Protein chains: 4
Amino acid sequence: MRFFSDNAASVHPNVIAALNAANNVDTAYDGDALSQSLDASFSTVFECDVSALWISTGTAANALALASMCPPHGSVICHKDAHIQIDECGAPEFYTHGAKLLLGDGEGAKLSPSTIHAIAGSIRKDVHQAQPHMVSITNATEYGLTYRADEVGAIGETARQLGLGFHMDGARFANALVHLGATPAEMTWRSGIDIVSFGTTKNGTMMSEAVIVFDKEIAEVLRFKHKRAGFLHSKMRFFAAQLIAYVVDGLWLENARAANGTAQRIAERLAATPGVTLAHPVEVNQIFAHIAPAAHKSLQQAGIDLRRWGSSGGDLYRLVTSYCDPEALVMRLEAALAGARTSTAGR
Amino acid sequence: MRFFSDNAASVHPNVIAALNAANNVDTAYDGDALSQSLDASFSTVFECDVSALWISTGTAANALALASMCPPHGSVICHKDAHIQIDECGAPEFYTHGAKLLLGDGEGAKLSPSTIHAIAGSIRKDVHQAQPHMVSITNATEYGLTYRADEVGAIGETARQLGLGFHMDGARFANALVHLGATPAEMTWRSGIDIVSFGTTKNGTMMSEAVIVFDKEIAEVLRFKHKRAGFLHSKMRFFAAQLIAYVVDGLWLENARAANGTAQRIAERLAATPGVTLAHPVEVNQIFAHIAPAAHKSLQQAGIDLRRWGSSGGDLYRLVTSYCDPEALVMRLEAALAGARTSTAGR
Amino acid sequence: MRFFSDNAASVHPNVIAALNAANNVDTAYDGDALSQSLDASFSTVFECDVSALWISTGTAANALALASMCPPHGSVICHKDAHIQIDECGAPEFYTHGAKLLLGDGEGAKLSPSTIHAIAGSIRKDVHQAQPHMVSITNATEYGLTYRADEVGAIGETARQLGLGFHMDGARFANALVHLGATPAEMTWRSGIDIVSFGTTKNGTMMSEAVIVFDKEIAEVLRFKHKRAGFLHSKMRFFAAQLIAYVVDGLWLENARAANGTAQRIAERLAATPGVTLAHPVEVNQIFAHIAPAAHKSLQQAGIDLRRWGSSGGDLYRLVTSYCDPEALVMRLEAALAGARTSTAGR
Amino acid sequence: MRFFSDNAASVHPNVIAALNAANNVDTAYDGDALSQSLDASFSTVFECDVSALWISTGTAANALALASMCPPHGSVICHKDAHIQIDECGAPEFYTHGAKLLLGDGEGAKLSPSTIHAIAGSIRKDVHQAQPHMVSITNATEYGLTYRADEVGAIGETARQLGLGFHMDGARFANALVHLGATPAEMTWRSGIDIVSFGTTKNGTMMSEAVIVFDKEIAEVLRFKHKRAGFLHSKMRFFAAQLIAYVVDGLWLENARAANGTAQRIAERLAATPGVTLAHPVEVNQIFAHIAPAAHKSLQQAGIDLRRWGSSGGDLYRLVTSYCDPEALVMRLEAALAGARTSTAGR
């Protein structure tokens, strides 16, 4: 059964083709033409001169990004449900050498300027407390909500006022962009973001992410941290190939559009199913729904096995769609939901 | 004005005398008789065979203690207002190499078994999350409450069930002991505690704390971490001298009894003052009181300058008494409170 | 021009095929059948029950392996020219949280038991010095020499006597095995090795290495460190696929045999070229040769561009062969060497 | 028996008096007048505006100083016999989060510009190697030699050319100063030094060292690292008191002069003793001498127990004098040496 996570999705044929093509190149580390063109490719995407540091997981991308601007004795303001706090086994603490995460709350895993101000304001300006050095948001969030450009900009302005670096975890950045109809530039550096974890693995590649850096000095330091963490792959061309295939010709946005579209279809059916309530608006490819036991049982009987979310044992479930969900599978889920509606309605 | 913190208290004359006596000894590091007798002195105090590792601050004692049983990829369960979380600028994260603190709540900065179970239960048993390896409590707590031996024992049993090491921050351990009428053994290893930060500086010494370890293997590893952190003082005899003077002949308990007694006197007067409410029961030498503006102004006019507590700018104040608060000073505060009572009452 | 490094070699068609096949699987992290069978595949290779932890670079494999048995306050004995000392930008120090490397010397980057004893003996058994906890060797070494099973066993015995963990960096393990005609078991755990960095990327895969662990408890801890470092790829099946394709049907040994054979052919020609001296016996796929200026110039004129080795600007050059060096290329090099012989001889 | 180490020396009466006086002050942390005047006192000593960060051991002072200018992915050039390499159990690696020490050689533990250039030159300018960020020297060295101001200046110029920070471990700085007749300013910032570990414990205080910083931004960051390492003592006044008593009225130089003078007397006698050879010129208060077995036996018979130096079990011995060595003791040693001369001569 699919919908467990976009982590499991297939690699797009264009990416497979690019990997095969890269196999004929014969240069170690980043000496090849593909690797050498990566900054340029991403500079085009972001409409400014960026450094694109390839890396093979989102966890490492986030942790490196945080280590770029937060010293060991500092702290990072983030949402209490942020991936960096919940799902990375302390990678941010490892890469920053022990910086603290200061946790805020907010609907749908979104941080607001006022929450950030409140957290920063709770820290005394003395050496007894780890002073905030960065703020980190996830766009789209861990609950599938997006920050609009003006919302990002407001946090960017807050960060500027408080002297904080500003990081965006973009594990599902493409999905946010197509939902918002915004450009990468608008959603990042034009809104004050300093550094981006640019996810691709959930949306069509095999295992390649990137850290996008808008400052050359930071990028220079990161290259050492990147090597020191063991991410300087000897055949970097295979990572560059994936990333370039992903962003050229808009493959990434096309894939995200497909995934978001499937999520909308399913979300509409879920919302119309008795006993089912959407926990959050569905903006990208993640759906969180409360499903009452009867409705859940009916789905199970139709062979639909959903993923329960959270450790509390409640009735919350998460479905994540992907660019490559087979139409037949989506239709089967829709049919099961229609059946659940009928059977429950019949009581 | 005193009552800001017991951190500022004078060094007890017995300790001064011990320091002077130690000056005639001529051995580097821990080669002298005083240093060599330290384990024995503390083994007597704790009624079992302990290793006593001297160290010059409570922050370092706590951080070392946490590093003894929590690996870098693990986490420590503690109260959200614990000193290790709030006031140590990330020292636990430094010494543990990036372990996480998992924060719980509870009245008066006390953790309960159910809170610990809830936090541990919220962590999935997979590699995506930093697994709990320790629980840490402060006794007396940061708000001046004590855990009774049976309460410590219940947490010890919880720790045992969950496979957690159990640390006690005893910055004001003596104050807790005399309030409870309990023995060091009852309050620590007999109740499941594995390692203790044994505070003395707030209660009569100059700058000597100790980490008390009940396991020889842990102690052996800590000796290396202790040196590596820069705490192997070349004239250790001066630390041993302080610690021994502190515990022999019950000086530590006598001092704590004096500080607690002064706190009781002041607390009673505070409670009787209109516009003043005690925020927590006063069990040791810390008093937290809400003082309404009129009452506070009246105290200020009498020359009493109290320390506002917390970053929220509210009406909470903290007073901490010490074994050496001059009687004249206490009487002056009592008089001011009596005056505040009258003047407010007269309205 | 090839022969710069086996780091640049193409991915073997069998591995490409395995990657393509893995694309049809749909499970996140290590939930798929390939990932689940990895331990079994490597247990067959090593003739004992092992844990195989996939990881995408040799630097990370080495650093993780060292972190498994050396505490932050400890040290690792290794050769002064070891990859972990020279070419990993401090990754061992990062992953171990600051352990020290204690450097020894030895012909061809080989350590001997007596050198290890001498280094360990130079460390006082007190807390002022970081005590040795591990020894690490590279087989084949950074200069292309191999340790025979009895040589590994002698170091294993030394490690046992000194209480040290024993790590092998096997970046070119296959090349060593086929040279020696030994089995993986003989060369590792039967000779006292505790943990192995199992290289594959230089010999036919795209970007997959493994840490082979012979102890289940160590493996369990490593899984957390591995995730925390950001190496838990969400599509692990693509790493498992590479590793399994590499070891099944002896592909790895076949590839190594090819690379070693090419190196032998070239080495013989080099040795026969006036002005050229082999710096070390050529046992695997690395050749180190002193090439006098005239001979070097002659090669350059024939279009052969060799890699100078070391920072001292001397006449030492390194050639590394690979399983996929085209026969035409090897012949061209041979011809150039023959030409160099003639032209030099003609003077 | 004395002469083992100046680490064991008594605390000077002036310092004891200052400690006693500080006991009447009642302010926590650094709120008191003594603490507040520390920067000013040391600015006078160094003839420029410095920040003086008190700390209780030299190991911590050195490690903090290195962490101020060397990032985790960097390296520090130092002598292979430097205290930071040999005797601090990895404290520099702990505080820098894993930076590497690059070791050079040189007579008497002295580094030269050419050695520093050679080490820096051996590091390729790529991300595979931890780039040098600092150089560290000890003055007087671990073998009791001094760098003259012009020698320090030449290293400072080298550091400037190579873009390195420059640290001085001044565990016995006073002894070097009085030997050279130079000023603190000449020997530090005027010669290019960025940061100083200012030792006092070996020369008259109880347990107080200082890190002297010539740059305000570095000092600001260090205050956080200092707290985070657990060195923000709650009764800082007792550290300030020691430091101020030490430097005012030239007590530190007077003590050093006494210790150096005693060393000269003993060194002359040693040099005149058959079977004894001085291993290094005696410039400060450390004497290294090769003592043949017969001479050594004769000294032992006279009750003189000397400290063998090094792990090799050779005939090298170290004697360290102190400002407070009793005249009677020195005379006894002199007599024994005279006796050794006679008895050996009689053979």
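Please refer to the structure higher up on the page.
(A) Spotlight on the overall build of chain A. Counting its secondary structure elements, chain A contains 15 helices and eleven strands. Relative to a compact globule of 347 residues, whose C-alpha radius of gyration would be 20 Å, chain A shows 21 Å and is just as compact. Taken over the C-alpha atoms alone, chain A extends approximately 65 × 55 × 30 Å along its principal axes. Among the 347 residues that make up chain A, the fraction classed as buried is 64%. In chain A, 75% of the contacts between residues at least 6 apart in sequence involve partners at least 24 apart. Surface summary for chain A: the accessible area is close to 11300 Å², and the carbon and sulfur share equals 53%.

(B) Spatial organisation of the interface of chain A and chain C. At the junction of the two partners, chain A supplies 47 residues and chain C supplies 47 residues. Here chain A packs against chain C, burying approximately 3800 Å² in sum over the two surfaces, 57% of which is carbon and sulfur. Of all residues in chain A, A:Phe94, A:Arg228 and A:Lys235 bury the most surface against chain C, accounting for 20% of the area lost on that side. Between the two partners, chain A and chain C, sit zero salt bridges. Counting across the chain A and chain C interface gives 28 residue pairs in polar contact (both at pLDDT 80 or more). Contributions of two or more residues to the side of chain A that touches chain C are made by helix H1 (13-22), helix H4 (58-69), helix H6 (91-96), helix H11 (216-228) and helix H12 (237-247) of chain A.

(C) Main features of the sheet that holds strand E10 (residues 307-308) of chain B. Residue and element names in this part refer to chain B. Within the open sheet, the four strands sit side by side as E8-E9-E11-E10. Their pairing is antiparallel. Strands at the two margins of the open sheet, each flanked by one partner only, are strand E8 (276-278) and E10. Note: E10 against strand E11 (residues 316-320), two bridges, orientation antiparallel. Within E11, the residue paired with arginine 308 across the bridge is tyrosine 317.

(D) Structural detail: the sheet that holds strand E11 (residues 316-320) of chain A. All names here are of chain A. Strand order in the open sheet formed by four strands is E8-E9-E11-E10, and the pairing between neighbours is antiparallel. The two strands at the open ends of the sheet, each matched to only one other strand, are strand E8 (276-278) and strand E10 (307-308). Pairing of E8 with strand E9 (residues 286-291), which is carried by three bridges, proceeds in the antiparallel orientation. Paired with threonine 277 across the two strands is histidine 290, which belongs to E9. The sheet strands contacting helix H14 (residues 293-301) are E8, E9 and E11, and the helix crosses E9 at an angle near 120 degrees.

Quick notes on the rules
- Residues numbered from 1 in each chain as written.
- Chains lettered and ligands numbered in written order.
- Predicted model: local features only at pLDDT ≥ 70, side-chain atom pairs only at ≥ 80, totals over all residues.
- Heavy atoms only, no water.
- Helix = DSSP H or I, 4+ residues; strand = E, 2+ residues; numbered from the N terminus.
- Rg over C-alpha atoms; globule rule 2.2 N^0.38 Å.
- Buried < 20%, exposed > 50% of the residue type's maximum accessible area, 1.4 Å probe, protein only.
- Contact = heavy atoms within 4.5 Å.
- Areas by Shrake-Rupley, 256 points an atom, 1.4 Å probe, with all protein chains shown as cover.
- Buried area = accessible area lost by both parts, 1.4 Å probe.
- Salt bridge = Lys/Arg side-chain N within 4 Å of Asp/Glu carboxyl O.
- Polar contact = N/O pair within 3.5 Å; in protein donor to acceptor, adjacent residues only side chain to side chain.
- Pairing = 2+ DSSP bridges.
- Axes fitted to C-alpha atoms, helices over the stretch in contact; angles between N-to-C directions.

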